[in-house]
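Each chain, written out:
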Amino acid sequence: MKYVDEFRDKKMVAALADAIRVAADGRTYTFMEVCGTHTMNIFRFAIRQLLPSNIRLVSGPGCPVCVTPNAYLDKAIALAGLKDVIIATFGDMMRVPGSYSSLEKEKAKGRSIRVIYSCMDALEVARKNPDKEVVFLGIGFETTAPTVAQSIIAAKRDSIKNYSVLCGHKTMPEVMDALLKDGSVRVDGFLLPGHVSAVIGSGPYVFLSRKYAKRCVIAGFEPVDILQAVLMLIKQDRPAVEIQYKRIVEAPGNRLAERAIEKVFDKTASEWRGMGVVKRSGLKIRSAFAAFDAGGKFRTGRIRSKENKSCLCGAVLKGVVIPSACKLFGRSCTPEHPVGACMVSGEGTCAAYYKYG
Amino acid sequence: MHELIDELFIGSLGGKTLKEKKDSAVIRLGGESYAFTTDSYVVSPLFFPGGDIGRLAVSGTVNDLAVCGAKPLYISLGLVMEEGLPKKTLEKIVVSIGAASKEAGVEIVTGDTKVVERGACDKIFINTSGIGKIVYKGLEIGRIKHGDVVMVSGPIGDHAISVLSKREGLGFASNIKSDAVPLNGLISRIVKASAGIRFMRDPTRGGLGTTLNEIVRDGSFGIAIDEEAVPVRGTVRSACELLGYDPLYLACEGRVIVIAAREDAGRIVRAMKKDSLGRGSAVIGCITKEHKGRVYLRTKSGGKRIIDMLAGEQLPRIC
Amino acid sequence: MCLAIPMRVREIDGDNAVAESGGLRRRANISFLRGVKKGDYILIHAGFAIEKVNKNEAKKTLKLIA
């Protein structure tokens, strides 16, 4: 696969690993990545194994599934229970446990829940089923938000009245500020999410180097990208925000994609699992598109959401503890029967630790 | 599912034969050894590029017999149909069953049909049971030795991707056809090529990764796989990268995993390649003394990681 | 949250393109890109092209390490 295979090349990977060893020169570094796809690929390509032991990679709150609180899942499940509602969702959400159940379990009970690959496919379901209401579960960061915005714009343009979105989108930079402000996270720098950055550019991260003196590199997702980004982080003599993923990311980002987000969504406070509410870190649908907001469109009655007190997902998501520190890890919480979201998502930190050791 | 099988079924029902948990049970009748197996087929959609549920139902059971060293002979056919299933659909499936049986050289000797009310089953469920005569003895996980090689008869994941390409909501087009096919012809070539075959299994549900984990589970050995050596079609790879699937866990319906003595590997692969169903055969790994009970993958980029048992079905993801 | 693959543009049809990788074809919405041409490689995420691959930068990145 072009532009993929070349960045997985064994020789280049080995050369980069050596260069990192030399550049680090025995000094210890801790870098955090904040993108679920980075967490996944670090395990998939055994990156930690290739790095010298003085370079530590920790996972932060980058998995949109993991950071989605129970309340969102509970609402989605309640909507699934309404007559003539079809829930359309990315596969990632199916096994995430809410306070009482999961979408997968509800589907097994006979609820209308469909896995789709693109929100435009969900819009098609709405077009083809005019007597049903299609509710799309909008999760994901700034990479996905523009696509969902576009589906709402298309629904308005084509007068599709039976399509709506339950908005659970979150944004990156503000949560990183909250993470560092709190002081519990000790890292030397960040591997920044390559595809979120393709949309928002490098500007929103500058505060990380100016305010917090953290080194930052916007990284791609192949082994060569990740290792090259680590090398760049080590080589920075002053904290800065650099781009490793130059074949995709430009400093200004993608204005057209950003404009789609701005047109449909507004920033709002958002609850992050394990971190509480973070100001202006989520998206909500603007009043001009209220007809497409599933949150306001349907009545579901009072839902009492609760979180499992023993679940350490929150601390795991902040990179403060490793999964094995959680009492539930490997015992009552496994990929087959997950308690917390970190165990469900393929790149949830706990699932990755469990699978790949 | 594995836990359920162990605890409930084997726990409550298990005699010596059931406890062996082979793809086919080996039983003695009148002084001869026979293989006996059963499987149920619930695939959706019913028709997919390269096959259908009928073809699957015959191939799956024939293959379960063949990998145990048996010559497949007789098949039983049980159909549970949802009320309202179009006659044309049923006809197509039955014709396909007939064609696959002819290909495999097996005879359908008995059957049963049931109709259930709408919603009680998803269009049609098929169960097939099969009997074959053991012609190659001694295929056992217990015979696997350190240093043995692991081979596969062709590219993995074709079946899973062909079925996925027909599922609504995933929207991609490809030329991938299911590999569902009776393998008894190919397997008879394999067993003729060497007396050093330890074990065979077809990687169906859960794919290569799950099947290797099943083999290694109670074992005194580990398995090391070389990612570069595992054959995967370019289209299947692209589908996996697009949807977030791991090809190692994709179902195949016309492939066989062969574990054999190292010195026979070349001969076995050559024999497989002579067969039209084995052209893509390759040595993909070996049996190790280290990491007993585990399957390891040497990735294309040089790192090494564990391949675990798959938890549940893979779902397309955006993360 | 960033699973995306580069695919090659085969056809363009208004706001959409048909992109291909390894023989697999998929329709992708290209509203976020300007000046997409046949033969371009676009990065597809959840059915949308979020960026075009900059072929020169890709070459430069690889040269840096080789």
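Note that this is a predicted model, so its numbers are computed, not measured.

Chemist: How would you summarise the overall build of chain B if you had to cite specific residues and measurements?
Modeler: Scanning chain B from N- to C-terminus turns up 9 helices and 15 strands. Taken over C-alpha atoms, the radius of gyration comes to 19 Å for chain B, in line with the 20 Å a tight globule of 319 residues would show. By principal-axis analysis of the C-alpha atoms, chain B measures approximately 55 × 55 × 40 Å. Taking all 319 residues of chain B together, 48% fall into the buried category. Pairs at least 24 residues apart make up 83% of the contacts formed inside chain B by residues separated by at least 6 positions.

Chemist: Give me the lowdown on the overall build of chain C, citing residues and values where you can.
Modeler: Helix and strand counts for chain C stand at 1 helix and 5 strands. The N-to-C order of helical and strand elements in chain C reads β-β-β-β-β-α. Referenced to the eigenvectors of the C-alpha coordinate spread, the extents of chain C come out at roughly 40 × 25 × 25 Å. Sorting the 66 residues of chain C into buried and exposed places 53% on the buried side. Considering only contacts in chain C between residues 6 or more positions apart, those separated by 24 or more positions represent 33%.

Chemist: Got a sec to walk through the interface of chain A and chain C? Specific residues and values, please.
Modeler: Tallying the contact residues gives 39 residues for chain A and 27 residues for chain C. Contributions of two or more residues to the side of chain A that touches chain C are made by helix 1 (10–24), helix 2 (36–44), helix 7 (119–128), helix 8 (145–157), helix 10 (194–200), helix 12 (223–235) and helix 13 (255–264) of chain A. In terms of residues, the side of chain A that touches chain C owes the most to one element, helix 10 of chain A, which gives 5 residues. Partitioning the side of chain A that touches chain C into residue classes produces 22 nonpolar, 12 polar and 5 charged.

Chemist: Which residues make up the interface of chain B and chain A, and what are the values?
Modeler: Each partner contributes to the interface: chain B provides 23 residues, whereas chain A provides 38 residues. If you tally residues by element for the side of chain B that touches chain A, the top one is helix 8 (residues 234–243) of chain B, at 4 residues. Split by residue class, the side of chain B that touches chain A holds 8 nonpolar, 8 polar and 7 charged.

Chemist: Which residues make up the packing of helix 6 (residues 184–193) of chain B against helix 9 (residues 265–274) of chain B, and what are the values?
Modeler: Residues and elements named next belong to chain B. Running from N to C, helix 6 and helix 9 cross one another at 150°; their axes reach a closest spacing of 9 Å. As judged from the angle between their axes, helix 6 and helix 9 are roughly antiparallel. As for how helix 6 packs across helix 9, the hand of that crossing is right-handed. Note on element contacts: helix 9 touches helix 6 through Arg267, Ile268, Ala271, Met272 and Lys274, opposite Leu186, Arg189, Ile190 and Ala193.

Chemist: Kindly report on the sheet that holds strand 5 (residues 133–138) of chain A, identifying the contributing residues and their values.
Modeler: All names here are of chain A. The 4 strands are arranged 4-3-5-6 in an open sheet whose pairing can be described as parallel. Here the strands that pair on one side only, and so sit at the sheet edges, are strand 4 (113–115) and strand 6 (163–167). The average angle at which neighbouring strand axes cross in this sheet is 25°, direction not considered. As paired strands, strand 5 and strand 6 are joined by 5 bridges and run parallel to one another. Paired with Leu137 across the strands is Leu166, a residue of strand 6.

Chemist: A description of the confidence of the model for chain C should follow, citing residues and the corresponding values.
Modeler: When pLDDT is averaged along chain C, the result is 95; 100% of the residues meet or exceed 70. Two summary scores accompany this predicted model of the complex, namely pTM at 0.93 and ipTM at 0.97.

Chemist: Can you tell me about the sheet that holds strand 8 (residues 149–152) of chain B, naming the residues and giving the values?
Modeler: Residue and element names in this part refer to chain B. In space, the 7 strands of this open sheet follow the order 10-12-8-13-11-14-15, with mixed pairing throughout. If you trace the sheet from one side to the other, it starts and ends with strand 10 (197–201) and strand 15 (304–307), each paired once. Averaged over all neighbouring strand pairs, the angle between strand axes comes to 25°, with direction disregarded. Both strand 8 and strand 12 (residues 257–260) contribute to a ladder of 4 bridges, which runs antiparallel. The residue bridging Val150 from the neighbouring strand is Ile259, located in strand 12.

Chemist: Could you give an account of the domain arrangement of chain B, with specific residues and numbers?
Modeler: All names here are of chain B. Domain annotation for chain B reports domain 1 (18–134) and domain 2 (141–307). Measuring from the centre of the C-alpha atoms in domain 1 to the corresponding centre in domain 2 gives 23 Å. Taken together, the contact between domain 1 and domain 2 spans 21 residues of the former and 21 residues of the latter. Elements with a minimum of two residues in the side of domain 1 that touches domain 2: helix 3 (53–66) and helix 4 (87–104). A total of 8 residues in the side of domain 1 that touches domain 2 trace back to one element, the largest contributor, which is helix 3. Considered class by class, the residues forming the side of domain 1 that touches domain 2 number 12 nonpolar, 6 polar and 3 charged.

Chemist: Describe the packing of helix 7 of chain A against helix 8 of chain A, and please don't skip the residues or the numbers.
Modeler: Residue and element names in this part refer to chain A. Orientation of helix 7 relative to helix 8, taken along the N-to-C sense of each, is 25°, at an axis distance of 9 Å. One finds that helix 7 runs roughly parallel with respect to helix 8. Once helix 7 is placed against helix 8, the crossing between them reads as right-handed. Contacts between helix 7 and helix 8 involve Cys119, Met120, Ala122 and Leu123 from the first element and Thr147, Val148, Ser151, Ala154 and Ala155 from the second. Taken together, the residues of the contact of helix 7 with helix 8 break down into 7 nonpolar, 2 polar and no charged.

Chemist: Kindly report on the pairing of strand 1 (residues 25–29) of chain B, identifying the contributing residues and their values.
Modeler: The side chains of a regular strand alternate between the sheet's two faces. Residue and element names in this part refer to chain B. Judged from the 5 bridges that link them, strand 1 and strand 2 (residues 32–41) form a sheet pairing that is antiparallel. When the sheet's bridge partners are listed, Ile27 is paired in strand 2 with Tyr34. Hairpin geometry of strand 1 and strand 2 is characterised by an intervening segment of 2 residues between the two adjacent antiparallel strands and by a positive phi of about 55° at Gly30.

Chemist: Tell me about the nonpolar core, and name the residues and values.
Modeler: Formed by 240 residues in total, the largest nonpolar core has its most connected members in Ile87 and Val230 of chain A together with Ile42 and Ala49 of chain C. Ignoring any residue separated from it by four or fewer positions in sequence, one finds Ile42 of chain C in contact with Pro6, Met7, Val9, Ala17, Ala19, Ala28, Ile30, Leu33, Val36, Ala49 and Lys52 of chain C.

Chemist: Would you mind going over helix 9 of chain B in detail, with residue names and values included?
Modeler: All names here are of chain B. For helix 9, every residue scored as buried is listed here: Ile268, Val269 and Met272. The buried residues of helix 9 occupy an angular sector of 95° when projected down its axis, which confines them to one face. Residues of helix 9 that are buried in the fold lie against strand 8, helix 6, strand 12 and strand 13 (282–288).

What counts as what
Residues numbered from 1 in each chain as written. Chains lettered and ligands numbered in written order. Predicted model: local features only at pLDDT ≥ 70, side-chain atom pairs only at ≥ 80, totals over all residues. Helix = DSSP H or I, 4+ residues; strand = E, 2+ residues; numbered from the N terminus. Rg over C-alpha atoms; globule rule 2.2 N^0.38 Å. Buried ≥ 20, exposed ≤ 12 C-beta atoms within 10 Å, placed from the backbone. Contact = placed C-beta atoms within 7 Å. Nonpolar A, V, L, I, M, F, W, Y, C, P; charged D, E, K, R; others polar. Axes fitted to C-alpha atoms, helices over the stretch in contact; angles between N-to-C directions. Parallel < 35°, antiparallel > 145°, perpendicular 65-115°, else oblique. Left-handed = near helix turned anticlockwise from the far one by under 90°. Pairing = 2+ DSSP bridges. pLDDT = per-residue confidence, 0-100. Domains from an automatic or database assignment. Core = buried A, V, L, I, M, F, W, Y, C linked by C-beta atoms within 7 Å. Arc of directions from axis to C-beta.

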